[in-house]
Amino acid sequence: MSGYLRAPPPERGIFCNRTLNMRAIKAIGYDMDYTLIHYQVEAWERRAYEYIRERLVMQGWPVQHLRFDPLLAIRGLIIDTQKGNLLKANRFGFVKKALHGTRPMDFEAQRTEYARTLIDLAEKRWMFLNTLFSLSEACIYAQLVDLLDEGKLPGPMGYVDLYGVVRSSLDAAHMAGKLKADIVAAPERYVQPDPETALALLDQRSAGKKLLLITNSEWEYTVPMMRVAFDPYLPRGMTWRELFDVVIVSARKPEFFTTRSPLFEVVEATGEGLLRPHSGPLKAGVPYFGGSALELERHLGLSGDEILYVGDHMFGDVHVTKNVLRWRTALILRELEDEVRAIASFRSTEVRLATKMEMKERLEAEACQLRLELQRRRSQYGPRSEMPEDQLLARLVVLRSEQEAMDAELGPMARAAGELSNPHWGLLTRAGNDKSHLARQVERYADIYTSRVSNFLFATPFVYLRSPRGSLPHDPNVPGGTPVFPSTDPTTGSNP
């Protein structure tokens, strides 16, 4: 068996929230951008940023000096459009870190602003960064907040108005097609090839799965990008079109999953992707425009948990398909690879940090008992020890000194833990010692999650993925689950 099993590195595992038997999946739908095709994030987002900036310059805004900062925002942050803040919240919706514009908010300012606030993404005030495509708008919005505060932007204007300008400028760049024209003209600058993705899809197709491409991108963009990403890595004479049973472009997700929209055939013979109204069963080999998930289900003769949808957008790809259609869901989080590597590199420090925290908690527990003893003596109630009060007070002084020394050791390690992967925000899936708001969304809506589609190679189309046993603080052990890669000893980094 070992001769056939190629174990991936840990960062390329498939992680399971809800047990998923791939043998029961009859069809697999894929998003294209940042799912089947991964882009050079910094190059793409810098170009998107530049288009927003250019449009603002054309409107007379003094923003020529602004530059894209790839570290200023990460997926899973929340924009507070009323206050001009970038936020990181924990799974309960409490704000744990905040920037006003590009400037960190100190503890007191953050507490004053958000101590009584629970983030509810259903409110229009909050904009959740669902995807890597959101980084450019978050970056320039934060920079523009600084300029607005300094009185350097045309007004009168509030933070909500400012976000509307940024959003409309980015939408206009997409509508004009300039950004995607740049990508098509120089894919080597923007696309990060993954030759193994084609093989993973070939495995799935040969195992009897129907493969579906459901993308919001236009036909004129989809064709050259899929050709670049797949054709060089397929068997001789085969093209990307032969991988998919159904191809749907301009799908208008998430509406594709929730509404009934007209379906059109893309007429390829014209070379311009003209459209023809469609009725009746879907035709083999014909690409389609628009339509709806219900129409697709009827064509396939499948529904619900027989279909797995794979995408990178938390709301448009995963949340809606799970909530409305009850399809099985897979989220692509490319940042997961850096996240897992960062956690592994910090493991030894984290062990030291945990050991020191246990020592600190013991010191705190003893100090609390001494304070209670003094309180009971002075109020003359309850059981009390025979130790003289001056000795109790002296011991408290010693404990306080030891705690201060312990805090001096813990501080740098705790700060380093909070800056893993990103100096402003730390890890994608953590907010302090808790799970981040993004991690909670992943838990709720993604049956499985992984860093890239080609990771399915290691699992095979026949895998039975089992989730680990759930835990609570009183029951912290988490045995079980299906390891898609061999577990490692956290102290040595080696396989047992």
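Up top is the structure.
Residues numbered from 1 in each chain as written. Predicted model: local features only at pLDDT ≥ 70, side-chain atom pairs only at ≥ 80, totals over all residues. Heavy atoms only, no water.

Chemist: What is the right way to read the pairing of strand β6 (residues 85–89) from this model?
Modeler: Along a regular strand, successive side chains alternate from one face of the sheet to the other. Among the 5 residues that make up β6, 5 are buried, leaving the element largely enclosed by the rest of the structure. As defined by bridge partners, strand β5 (residues 78–80) adjoins β6 across 3 bridges and the pair is classed as antiparallel. By the bridge assignment for β6, Asp80 is matched with Asn85. Counting the residues that bridge the hairpin from β6 to strand β7 (residues 95–100) gives 5 residues, and of these Gly93 lies at a positive phi of roughly 95°. (Buried < 20%, exposed > 50% of the residue type's maximum accessible area, 1.4 Å probe, protein only. Helix = DSSP H or I, 4+ residues; strand = E, 2+ residues; numbered from the N terminus. Pairing = 2+ DSSP bridges.)

Chemist: Would you mind going over the environment of Cys16 with me for this structure?
Modeler: Tracing the backbone through its elements, the reader meets Cys16 in strand β1 (residues 15–16). What makes Cys16 buried here is its relative accessible area of 11%. Spatially, the C-alpha atom of Cys16 lies 21 Å from that of Ala207, the residues being 191 residues apart in sequence.

Chemist: Help me understand the pattern of salt bridges in this model?
Modeler: Side-chain pairing between opposite charges can occur once the charged atoms of the two side chains come close. Taken as a whole and assessed by the stated rule, the structure comprises 37 salt bridges. For the salt bridge of Glu335 with Arg75, the shortest nitrogen-to-oxygen distance reads 2.8 Å. Note that Glu335 is positioned in the loop between β17 (328–332) and α12 (336–345) and Arg75 in the loop between α1 (41–58) and β5, a separation of 260 residues in sequence. As far as burial versus exposure is concerned, Glu335 and Arg75 are alike and both buried. (Salt bridge = Lys/Arg side-chain N within 4 Å of Asp/Glu carboxyl O.)

Chemist: Quick question: what am I supposed to make of helix α13 (residues 347–379) here?
Modeler: An α-helical segment advances 3.6 residues per turn. Residues three or four places apart therefore align on the same side. In this model α13 runs 47 Å from its N-terminal to its C-terminal C-alpha over 33 residues, within 8% of the 48 Å that 1.5 Å per residue would give. Considered for burial, the residues of α13 that qualify are Thr349, Leu353, Lys360, Leu363, Ala367, Leu370, Glu373, Leu374 and Arg377. Of the surrounding secondary structure, the elements contacted by the buried residues of α13 are α14 (389–418). (Expected span 1.5 Å × (residues − 1). Contact = heavy atoms within 4.5 Å.)

As far as function goes, none of this settles anything; it's purely spatial.
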